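Results of the structural survey
Here are the chains, one letter per residue:
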Amino acid sequence: MGISAQEYQQRREQLMSKIGGGTAIFRSAPMAVMHNDVEYIYRQDSDFYYLTGFNEPEAVAVFAPHHNEHRFILFVQPKDALQETWTGYRCGVEAATEKYGADVAYSIEELDQHLLQYLANADRLYYNLGRDRSFNEQILQYWQKLLAGFQRKGRVPTALEDSRVLTHPMRLVKSPAEIEVMRKATALSAKAHNRAREFAKPGLYEYQVEAEIEHTFRLDGSMGSAYPSIVASGANACVLHYIDNNRQMEDNELLLIDAGCSVDYYNGDITRTFPVGGKFTPEQKVLYELVLESQLKAIDQVRVGNPYNLYHETAVSVLVDGLIELGLLKGDKEEIIKEGKYKPFYMHRTGHWLGLDVHDVGAYMKDQETWQTLQPGNILTVEPGLYISPYIQPAEGQPEIPDRWKGIGIRIEDDILVTEDGNDVLTADVAKSVAAMES
Ligand code: GLY
Ligand code: MN
Ligand code: MN
C-alpha cells in the first residue's frame, strides 16, 4: 500500500517536462516545536513528499532538467550516529540516490558548494517564497549572485516563478495509486465514525468520543488524525472549528463529529451529526433532513464537466428553500442568495479539494469569472450544514429566531471522487439516513 518508487519517478518526469529551461527548488518542512526542546511528530511538506516520498526535515530537492549530468538532486541530513541515537535513523547521503532515485545526493551542509551549479544555466527559478523566510533569504542571495554575472554570461535565471504552478495542477488529478490510498484513508475514517456513533451516549464527555475515534485511527494502522477532531455536542456544533471537546453530552442534543485520518499522508475528512440519545427532536429532525437533502442534491452535481461551484450553489438553493418554508428566512429567494442573507445559518462553502492536504491544493477558478470544471480523478468534500447559534444575528429585515431552534448545529460531510461517468462516494460506509442516525 502506498505510492511506488516508479510513480514518484513519473511525477518527477512530468514536473520536469513542465520546467523547460528552468530549475525548481523544493524545501522539506521544518520540525515544529511543541514546547521547549520537544518537537511535534514530523509532517513533511506535501509538495516535497509528492515529488520525492522523502520524509525527513532539513532536505532540499532540486530539479534541473537542462543540466548535463544531474536532473534530480537531493540534499539531505548526513548520517550522524550520535544524533540518530536520539532522534532516529536518517537515510543519509549515500542511500538517498538508490532509495529515492536522485541522480546525485549531497549533505545539506554542502548546499552552498553545490547548489549554484544547478541554477547557473537555468533561464528561470521555480521556488515557493511563501514558506520560510530565512531560506528565502538564502535563495535570493544565490539568485543575486547569478544575476550579477548576467553581463558576462548572457544566460542566468532572470525570472522567479512560484513552484506551486508546477505541482498544484498535478496534485489536483489523483492517479489510480493515489485513489487507492485515499480509499484506505477514507475507509478507516468511516470505520472510526461508525464506532464513535455506537459508543456515544448521554453522560459521556466529548473527549471520550474523541479518544474512541483516535484509538480506532491508530489501531487500524493509519498515521492518526488528519486534523484535530471536532467532537461538538449541543450548541458547540455551531462553532465550526470547535476542538475543546470537554463538555459532558446530554440527552436530546445532537453530536457533530468531524474527524478523519491520514494514510501515507493522504487524508479522509468526514462529518456526521446524530442525536446522542438516539432520537431527534422535531426541530433537529427537520433541519437534519434539510441538510441531508441539500447534501444528496449537491453530490449529484459532482460530475465531469460541471463547474466546480455548481454543487455549492445547489446546496445553498436547497437550504434556502427549506429555511423559507420553515419561516426562518423570508422574502425573495434570489435576493436572499444574492445578498447572502442565509449566511447567519450557513457561513462556509460546501466543500474543498481533498488529498495530501485536507484543504488540498489546486485552483478552484480558471480566471476571475470562470470556475474550474470537474475532471476524473478530482477528489473533493461535500459538506453542507446549518448552524443556529444561541447568539445568531439574523440578516437585516429577516425574522428573529424562536428559541426552540437555537443551539442546533448540523453538518454532513462526505469525500467524493469524480469518475468518468459520475462520482464515487468514498465514505459511503458511514450511514447518514435519519433512520440510521436514530438506530
Ligand atoms: N475538517 C475540516 C473541514 O471539514 O474542512
Ligand atoms: Mn472538509
Ligand atoms: Mn471536515
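Anyway, here's the lowdown on the structure attached to this text. What you see as residue numbers is a count from 1 along each chain, following the sequence as written. Key to labels: chains lettered from A, ligands numbered from 1, both in the order written. In view of the model being predicted, local features appear only for residues whose pLDDT reaches at least 70, and side-chain atom pairs are presented and counted only at 80 or more, with totals across whole chains, interfaces and linings using the full set of residues. The side-chain numbers reported here are obtained from all heavy atoms of the structure, hydrogens and water having been left aside.

1. Side note on the overall build of the protein
Applied cut-off: A helix here means a DSSP run of H or I that spans at least four residues, while a strand means a run of E at least two residues long, and both kinds are numbered starting from the N terminus. Summary of the burial criterion: residues with accessible area below 20% of their type's maximum are buried, those above 50% are exposed, and those between are partly exposed, where the area comes from a 1.4 Å probe applied to protein chains only. Any two residues having at least one pair of non-hydrogen atoms within 4.5 Å are treated as being in contact. The Shrake-Rupley method, run with a 1.4 Å probe sphere, supplies the accessible areas, and residue values consider only the shown protein chains as cover. In this tally Asp and Glu are treated as negative and Lys and Arg as positive; neither His nor the chain ends contributes. The location of each charge is read from NZ of Lys, CZ of Arg, CG of Asp or CD of Glu.
Helix and strand counts for the protein stand at 15 helices and 19 strands. Counting only C-alpha atoms, the protein reaches 75 × 50 × 40 Å along its principal axes. In the protein, which comprises 439 residues, the share counted as buried stands at 54%. Put simply, 71% of the contacts in the protein that link residues at least 6 apart link residues at least 24 apart. Carbon together with sulfur atoms contributes 49% to the accessible area of the protein, which is approximately 20,200 Å² in total. Separation between the mean location of the 43 positive side-chain charges and that of the 64 negative ones in the protein comes to 2 Å.

2. Let's talk about the coordination of the manganese ion (ligand 2)
By definition of the ideal shapes, a tetrahedral metal site with four donors has angles of 109.5 degrees and an octahedral site with six donors has angles of 90 or 180 degrees. To be explicit about the condition: Listed donors are limited to N, O and S atoms within 2.8 Å of the metal, widened to 3.2 Å for Na, K and Ca; water is not among them, so incomplete-looking sites are possible. Any coordination sphere not matching a tetrahedral pattern (four donors, all angles between 85 and 135 degrees) or a square planar or octahedral pattern (four or six donors, opposite donors over 155 degrees apart, other angles between 65 and 115) is reported as irregular.
Taken together, the protein donors to the manganese ion (ligand 2) comprise Asp 269 (OD), His 352 (NE2), Glu 383 (OE) and Glu 413 (OE), at separations of 2.0 to 2.2 Å. Taken together, the 6 donor atoms coordinating the manganese ion (ligand 2) span angles of 51 to 155° at the metal, a pattern that classifies the geometry as irregular. Along the chain, the residues donating to the manganese ion (ligand 2) fall in the pattern D-x82-H-x30-E-x29-E.

3. Things to note about the coordination of the manganese ion (ligand 3)
Looking at the manganese ion (ligand 3), one finds its protein donor set to be Asp 258 (OD), Asp 258 (OD), Asp 269 (OD) and Glu 413 (OE), positioned 2.0 to 2.4 Å from the metal centre. All donors to the manganese ion (ligand 3) come from one chain, and their sequence spacing reads D-x10-D-x143-E. The distance between the manganese ion (ligand 3) and the manganese ion (ligand 2) comes to 3.3 Å, with Asp 269 serving as a donor to both metals. Placement of the pair is Asp 269 in the loop between strand E13 (266–267) and strand E14 (270–275) and Glu 413 in the loop between strand E17 (408–411) and strand E18 (414–419), with a sequence separation of 144 residues. On the accessibility criterion, Glu 413 (0% relative accessible area) is buried.

4. Here we look at the sheet that holds strand E1 (residues 23–27)
Basically, it comes down to this: We call two strands paired when DSSP finds no fewer than two bridges between them. Helix axes use the C-alpha atoms of the stretch in contact, all axes being lines fitted to C-alpha atoms, and the angles between their N-to-C directions lie in the range 0 to 180 degrees.
If you trace the 6 strands from one edge of the open sheet to the other, you get E6-E5-E4-E1-E7-E8, paired in mixed fashion. Bordering the open sheet on either side are strand E6 (104–107) and strand E8 (159–161), each of which pairs with just one other strand. Taking each pair of neighbouring strands and ignoring which way they run, the sheet shows an average axis angle of 20°. Summarising the sheet, strand E5 (residues 72–76) and E6 pair through 4 bridges and their orientation is parallel. Its bridge partner lying in E6, Leu 74 is registered against Ala 105.

5. Concerning the sheet that holds strand E15 (residues 379–382)
Taken together, the 3 strands give an open sheet; going across it, the order is E15-E18-E19, and neighbouring strands pair in antiparallel fashion. Lying at the two open borders of the sheet, with one neighbouring strand each, are E15 and strand E19 (422–425). Strand-to-strand, the axes of this sheet are offset by a mean angle of 40°, without reference to chain direction. The pairing of E15 with E18 spans 4 bridges and is antiparallel. Bridge pairing in E18 places Ile 379 opposite Leu 417.

6. Regarding the packing of aromatic side chains
Given two aromatic rings, their pairing is described by the distance between the two centres and the angle made by the two planes. Let me state the cut-off plainly: Any two rings among Phe, Tyr and Trp, with Trp reduced to its six-membered ring, count as a pair given centres within 6.5 Å; such a pair is stacked if its planes are under 30 degrees apart, edge-to-face if over 60, and tilted if neither. Only when the NZ of Lys or the CZ of Arg is both within 6 Å of the ring centre and within 35 degrees of the ring normal is a charge said to sit over the ring.
For the structure shown, the criterion picks out 15 aromatic pairs. Considering the side-chain rings of Tyr 106 and Tyr 118, the 6.5 Å spacing of their centres and the 45° angle between planes classify their relative orientation as tilted. Of this pair, Tyr 106 sits in strand E6 while Tyr 118 sits in helix H6 (residues 116–119), and the two are 12 residues apart along the sequence. Comparing Tyr 106 with Tyr 118, the two get one shared label, buried. Taken together through their ring pairs, the aromatic side chains of Tyr 308, Tyr 311, Trp 353, Tyr 364 and Trp 371 make up a single cluster. Lying over the aromatic face of Phe 135, Arg 27 brings its terminal NZ or CZ to 4.5 Å of the ring centre.

7. Comments concerning the site of ligand 1
Rules: For this description, a residue counts as near a given molecule or strand if any of its non-hydrogen atoms is within 4 Å of it. Throughout this description, a polar contact denotes any pair of N or O atoms lying within 3.5 Å of each other; where both atoms belong to protein, one of them has to be capable of donating a hydrogen while the other can accept it, and for residues adjacent in sequence the pair is counted only when both atoms sit in side chains. Side-chain classes follow a simple rule in which Ala, Val, Leu, Ile, Met, Phe, Trp, Tyr, Cys and Pro form the nonpolar group, Asp, Glu, Lys and Arg form the charged group, and the remainder, Gly included, forms the polar group.
Every residue near ligand 1 is listed here: Tyr 227, Asp 258, Asp 269, His 352, His 359, Glu 383 and Glu 413. At 3.0 Å, a side-chain N or O of His 352 approaches an oxygen atom of ligand 1. Side-chain polar atom of Glu 383 to an oxygen atom of ligand 1: 3.1 Å apart, as the coordinates give it. For the shell around ligand 1, the residue count by class is 1 nonpolar, 2 polar and 4 charged.

8. Considering the packing of helix H1 (residues 5–19) against helix H9 (residues 164–172)
In plain terms, the rule: What sets the label is the angle itself: under 35 degrees gives roughly parallel, over 145 gives roughly antiparallel, 65 to 115 gives roughly perpendicular, and the rest give oblique. Here a crossing is taken to be left-handed if its near helix is turned anticlockwise relative to the far helix by less than a right angle, and right-handed if that turn runs clockwise.
Closest axis-to-axis distance for the H1/H9 pair is 10 Å, and the angle between their directions is 135°. Between H1 and H9, the crossing angle belongs to the class labelled oblique. Where H1 crosses over H9, the handedness of that crossing is right-handed. On H9, the residues that touch Arg 11, Gln 14, Leu 15, Lys 18 and Ile 19 of H1 are Val 165, Leu 166, Thr 167, Pro 169 and Met 170.

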